[in-house]
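Inside the fold
In case you want the letters, here they are:
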Amino acid sequence: MRSWNELETGSFFDANARERAVGMVDKGSFTELLGPLDRFMSPHLPVLGTAVEFDDGTVTGVGLIGKHPVFVISMEGKFIGGAIGEVNGAKMVGSIRLALKTAEELKAAHPDDYEERRPMVVISFETGGVRLHEANAGLLAHAEVMDAFQDCRKKLPVVSVVGSKVGCFGGMGFVAAATDVIIMNEQGRIGLTGPEVIEQEMGKEEFDASNKALVYRTTGAKHKYIIGDCNYLVEDKIGAFHAALADVAAKSMEEIEGMRRIGSLKLVQEQQGLVKLVGDMQPKDSMDLWKYYGNEDPAELPEMTTEEFLKVVKRRVRP
Amino acid sequence: MEFQKVTREWDTRKKDTLARLNAAAPLVKEGKIVDAKDAVALLETVIKPFDKVNIEGNNQKQADFLAQCLCKMDPGKVHDLHMVQSVLTLPEHLDVFEKGIAKKLDMSFSGPQAGRIAEFLQAGKLELGAIHTYLELYGRYFLDLTPKVALVAATMADREGNLFTGFSTEDTPAIVEATKFRQGIVVVQVNQIVDKLPRVDIPGDWVDFVIQSPKPFYIEPLFTRDPALITDAQVLKGMMAIKGIYGEYQVESMNHGIGFDTAAIELLLPTYGEQLGLKGKICKNFILNPHPSLIPAIETGWVESVHCFGGELGMEDYVAARSDIFFVGPDGSMRSNRAFSQTAGHYAIDMFIGGTLQIDPYGNSSTATANRVAGFGGAPNMGCDPKGRRHSSYAWLKCGEEYGIKEQLWGPVHRGKRLVVQLAETFREKLAPGFVEELDAFKLAKNANLAIEPVMIYGDDLTHVITEEGIAYLHKCRTMEERTAAIRGIAGFTEVGMKADPKETKRLREAGIIKTPADLGIDISKATRSMLAAKNVHDLVEWSGGLYNPPAKFRNW
Amino acid sequence: MALQTLEFTFKSEATQAIAKPWSHLGVTGSGDLEVLMEKKDLGGDVKAKVITPVKGFDQVWERMLAKFVNDTGVGNVSIEINDDNATPIVVYMRLRQALAEAQAEEAE
């Protein structure tokens, strides 16, 4: 693998799951749990003649950012599209539970400076949702992960990181929305139904999945950032994600709670307000919304570098 | 001796055309302009049964509206047409046969319609004249396949019928010249009718009717290769090519194929090529479409000139801003021209290099599959040794000097040889072998009743084959036996490669006829995507300083 | 339908052991594979285990792995591969990359 220094300056988008996991935490601090040597693989795939992976497509482990233990779950999109099955689902749930357990132990051991050592869960999503070969187990994992998020609520932050080729779709789109903080690069995409499926169901006139510019305007990070679904838009460097995570780790749990999208009556009302707005204005394209939020020349936004974009963009102001 | 002079009229073609033009005159609105709604009626008036008709289908630009109109003609009025066209890619190009409007076909390349052509041939819906190379077909436009009616596409026209074809000029001049100067009829679909053109590419008096099509003509970015999809194996072969061929022969002028293999080479020039100190020595003059993957090599000063067969969507502004490199008109936009580019590609370049699907033990190379009549396009024009070449260059002379049978064939005369290089993977996706004992072209010839097997590059023209196993310098071989052994020696674990005799392969390595990556001093574990000067489309945009504007399907932002 | 497991043992001429106790490289993506190498006392041999959905290429695997062992002189190594339709060149390149990784000093 490339050295940590190379990873920091390297593209997040081009990195595989293990490189992302290692590079998002402090230098030399990552320890993989249930790595390739443990050969913790899906028992279902061999029967179905589908290739297997030693880590079942998800890298899990723990590293440090400052004094904060960071529990990393990093999905590999090249392995069955990053889909969630029984084993990688269980690794994901287990990692979150381990973070929670660690939080409780640290709180007991360091009551005075717990905040400084408060653990964090980081999920690098690259997935289309449930793995069809083991769909029941995959669905169960979705439910268990959501449940574990609730247990972490207000105790330690759960952060989504989205910036890889497959994006974050299907059931995992819901899961990402239920985390506290979302960090994306320009290439990151979040959605429920994938573009090809929308085209198949609604027709090419409604949504042309081969028009990647349209796909990105609809599901991509710049749109999510304007609407407020994405909290941090960063350069496509693993180091930029590392820095954003350090920023989150330094915040109070109260501030972090304020970055959520769903999870309270007030937030539900805010979401309903958005639904009403869309009903009233009937936008034909995301750019209509960008304009509504004060971006005079919305067609220019996709062309800008992340740096330029962050300088000029107008975002939805949260109530 | 007594001469028998024929008694005949000598201007029947002219009179016939005049009669047709007069019959169509009521459909003309002003100048040469005909309404799109009258297009079918126009075609039914100017086209007669058994005419030779050219419908402009290039690699990229398609006279798609006129193709649709052609299909809407009444087969009772117009039938048995003989279609002569270089590229057949739209469904309508075959619908005219299905509907009984056309009967015979002469063409070069068919791409997506290749399966249907094979089907139609077997069902007797279509008579195939021949599958040509581009230059060969253009040649026959001026010989025995001159169109009576040409249906072409241009970007803009003015009211006098002057045409602007600009960036996507492609085949238009060749078709129009052949048609008009044998008293034929030229119908043009244009995206826009304007008062003043940026420049005149086709003079108005060569054009009879202009129709503004309801939608701009269809154009596809066929030559854009996303660097994100280039594999480590392609990087390895690219490094082998640069070191073992480009560097070794100091190849200055060339055509690159359109696959990922050659895109990898283009992206390795600023990195690996630079490391080898080859800048200024190789890759100066290209005959090539404006490949976005060439941008980093241009920006780092490798390339001196590029002439293009056609345009490429998204490259308009970049090309216009690099007029030292590309062929740009006084209006500031590029002009492509397939006939001239193919001429340069046939006679003038030192090397043709491209990917292929199958190579047999004799070195014949083909992209044909058993049930698709796909044709050749221009590859055979460039992938051959042009016997009409008389200027020398280092690469050409060196390749001739090394020619293993030059004494038997040439005597004492000094001659050179075109480098014709094929890049092949021993196994492609889904483990389909790249080397076979018999080409699928043989099955296709049988299935489609072709007189000759559609071989893309003949074995005796092929000088080098590159696989991940090594480079075979085939032109150095003295016998067919040695040639076959060299091919087997780099064919890996395919059926062809398994028959290699390891002792003979070793001897060929010692003789410099086979060079493995190790022989070339290339560390396989270092041949990775990290060597590429651009790793994705976004990087290409950055290299271009924002001048390259990739089509929506290649964006991920 | 089910995945198949192929196992091979190769006598190595040079028996050069790897530097790290174990090393991993690659992803089981479509047309790709992952390689796990472990240093083991095998009396100089190389053991290889391949799990693949592809049928009918047993002999190609055996010859490809033999070529790798022969070209590199590696020994006392257990190699495990999870494959998903990789072509021989991809297999060979990944093996060479995996070996380079297994021999590498930890870079900064």
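The numbers attached to residues start from 1 for each chain and follow its sequence in the written order. Here chains are named by letter from A upward and ligands by number from 1 upward, in the order in which they appear as written. Predicted model: local features are reported for residues with pLDDT of at least 70 only, side-chain atom pairs are reported and counted for 80 or more only, and whole-chain, interface and lining totals are derived from all residues.

**Some words on the overall build of chain B**
Counting its regular elements, chain B contains 20 helices and 20 strands. Whereas a compact globule of 557 residues would reach a radius of gyration of roughly 24 Å, chain B reaches 25 Å, a difference of no more than 12%. In terms of overall dimensions, chain B has C-alpha extents of about 75 × 60 × 55 Å along its principal axes. In this description, a residue-residue contact is defined by the distance between C-beta atoms placed from the backbone, which must lie within 7 Å. Long-range pairs, those at least 24 residues apart, make up 74% of the contacts in chain B between residues at least 6 apart in sequence. Only DSSP runs of H or I reaching four residues or more are called helices, and only runs of E reaching two or more are called strands; each is numbered from the N terminus. Restricting the calculation to C-alpha atoms gives the radius of gyration, and the globule rule supplies 2.2 Å times the number of residues raised to the power 0.38.

**Some remarks on the interface of chain C and chain A**
If you look at the interface, chain C gives 18 residues, while chain A gives 16 residues. If you list the elements that add at least two residues to the side of chain C that touches chain A, you get β2 (22–26), β3 (32–39) and β5 (77–84) of chain C.

**A word on the packing of helix α3 (residues 64–71) of chain B against helix α4 (residues 91–98) of chain B**
If you want to describe how two helices pack, look at the angle between their axes and the distance between the axes. Residue and element names in this part refer to chain B. Angles here are taken between N-to-C directions and fall from 0 to 180 degrees, while the axes themselves are lines fitted to C-alpha atoms, restricted in helices to the stretch in contact. At their nearest, the axes of α3 and α4 sit 9 Å apart, and the two run at 15° to each other. When the axis of α3 is compared with that of α4, the two are roughly parallel. Where α3 crosses over α4, the two elements pack in a sense that is left-handed. Residue-level inspection shows A67, Q68, L70 and C71 of α3 in contact with α4, the latter providing E92, H93, D95 and V96. Residues were grouped as follows: Ala, Val, Leu, Ile, Met, Phe, Trp, Tyr, Cys and Pro as nonpolar; Asp, Glu, Lys and Arg as charged; and all remaining residues, including Gly, as polar. Its residues assigned to classes, the contact of α3 with α4 comprises four nonpolar, two polar and two charged. Angles below 35 degrees are treated as roughly parallel, those above 145 as roughly antiparallel, those between 65 and 115 as roughly perpendicular, and all remaining angles as oblique. Should the near helix be turned counterclockwise from the far one by less than a right angle, the crossing is left-handed, whereas a clockwise turn marks it as right-handed.

**Let's talk about helix α2 (residues 39–46) of chain B**
Residues and elements named next belong to chain B. Each residue is classified by how many other C-beta atoms fall within 10 Å of its C-beta atom, where C-beta atoms are placed from the backbone; a count of 20 or more means buried, 12 or fewer means exposed, and values in between mean partly exposed. Listing the buried residues of α2 in full gives A39, L42, L43, T45 and V46. All buried residues of α2 fall inside an arc of 160° around its axis, so they share one side. Close packing links the buried residues of α2 with α1 (12–24), β2 (33–34), α3, β7 (149–157), β9 (185–193) and β10 (209–212). The arc refers to the directions leading from the helix axis to the C-beta atoms.

**Focus on α3(B)**
All names here are of chain B. Burial analysis of α3 places seven of its eight residues in the buried class, the great majority of the element. When α3 is considered as a whole, its buried residues turn out to be D64, F65, L66, A67, C69, L70 and C71. Taken together, the buried residues of α3 touch α2, β3 (52–55), α4, β7 and β9.

**Structural notes on the sheet that holds strand β11 (residues 253–256) of chain B**
Residue and element names in this part refer to chain B. The strand order β13-β12-β11-β14-β17-β18-β19-β20 describes an open sheet built from eight strands, whose pairing is mixed. Two strands bound the open sheet, and with one partner strand each, they are β13 (305–307) and β20 (514–515). Criterion used throughout: strands pair if DSSP finds at least two bridges between them. As paired strands, strand β17 (residues 419–423) and strand β18 (residues 464–467) are joined by three bridges and run parallel to one another. The residue bridging L423 from the neighbouring strand is I466, located in β18. Sitting on the sheet, helix α12 (residues 338–348) is in contact with β11, β12 (285–287) and β13, with an inclination near 120° to β12.

**Observations regarding the domain arrangement of chain B**
Residue and element names in this part refer to chain B. We note that the domain assignment places domain 1 (12–212) and domain 2 (227–538) within chain B. If you average the C-alpha positions of domain 1 and of domain 2, the two centres end up 34 Å apart. If you list the elements that add at least two residues to the side of domain 1 that touches domain 2, you get β5 (102–109), α5 (114–123), α6 (134–141) and α7 (172–180). When its residues are assigned to classes, the side of domain 1 that touches domain 2 shows 14 nonpolar, eleven polar and five charged. These domain limits were set by an automatic method or by a database of domain assignments.

**As for the interface of chain B and chain C**
With 16 residues of chain B in contact, the opposing surface of chain C contributes 15 residues. Taken together, the residues that form the side of chain B that touches chain C break down as seven nonpolar, three polar and six charged.

**Comments concerning the sheet that holds strand β2 (residues 58–65) of chain A**
Residue and element names in this part refer to chain A. An order of β1-β2-β3-β4-β5-β6-β7 is seen for the seven strands of this open sheet, with the pairing classed as mixed. Every interior strand has two partners, whereas the edge strands, β1 (31–33) and β7 (232–234), have only one. Pairwise comparison of adjacent strand axes, ignoring direction, gives a mean angle of 25° for this sheet. Here strand β3 (residues 68–75) runs beside strand β4 (residues 120–125); their pairing, made up of five bridges, is parallel. Within the sheet, the bridge partner assigned to I73 lies in β4 and is I123. Sheet strands touched by helix α10 (residues 238–249): β2, β3, β4, β5 (158–162), β6 (181–185) and β7. Its angle to β7, the strand with the most contacts, is close to 155°.

**Details of the environment of C:F68**
Residues and elements named next belong to chain C. Looking at the secondary structure, you find F68 in helix α1 (residues 58–72). C-alpha separation for the pair F68 and Y92, spaced 24 residues apart in sequence, amounts to 6.9 Å. Once residues lying within four places of it in the same chain are set aside, the contact partners of F68 are Y92 and L95.

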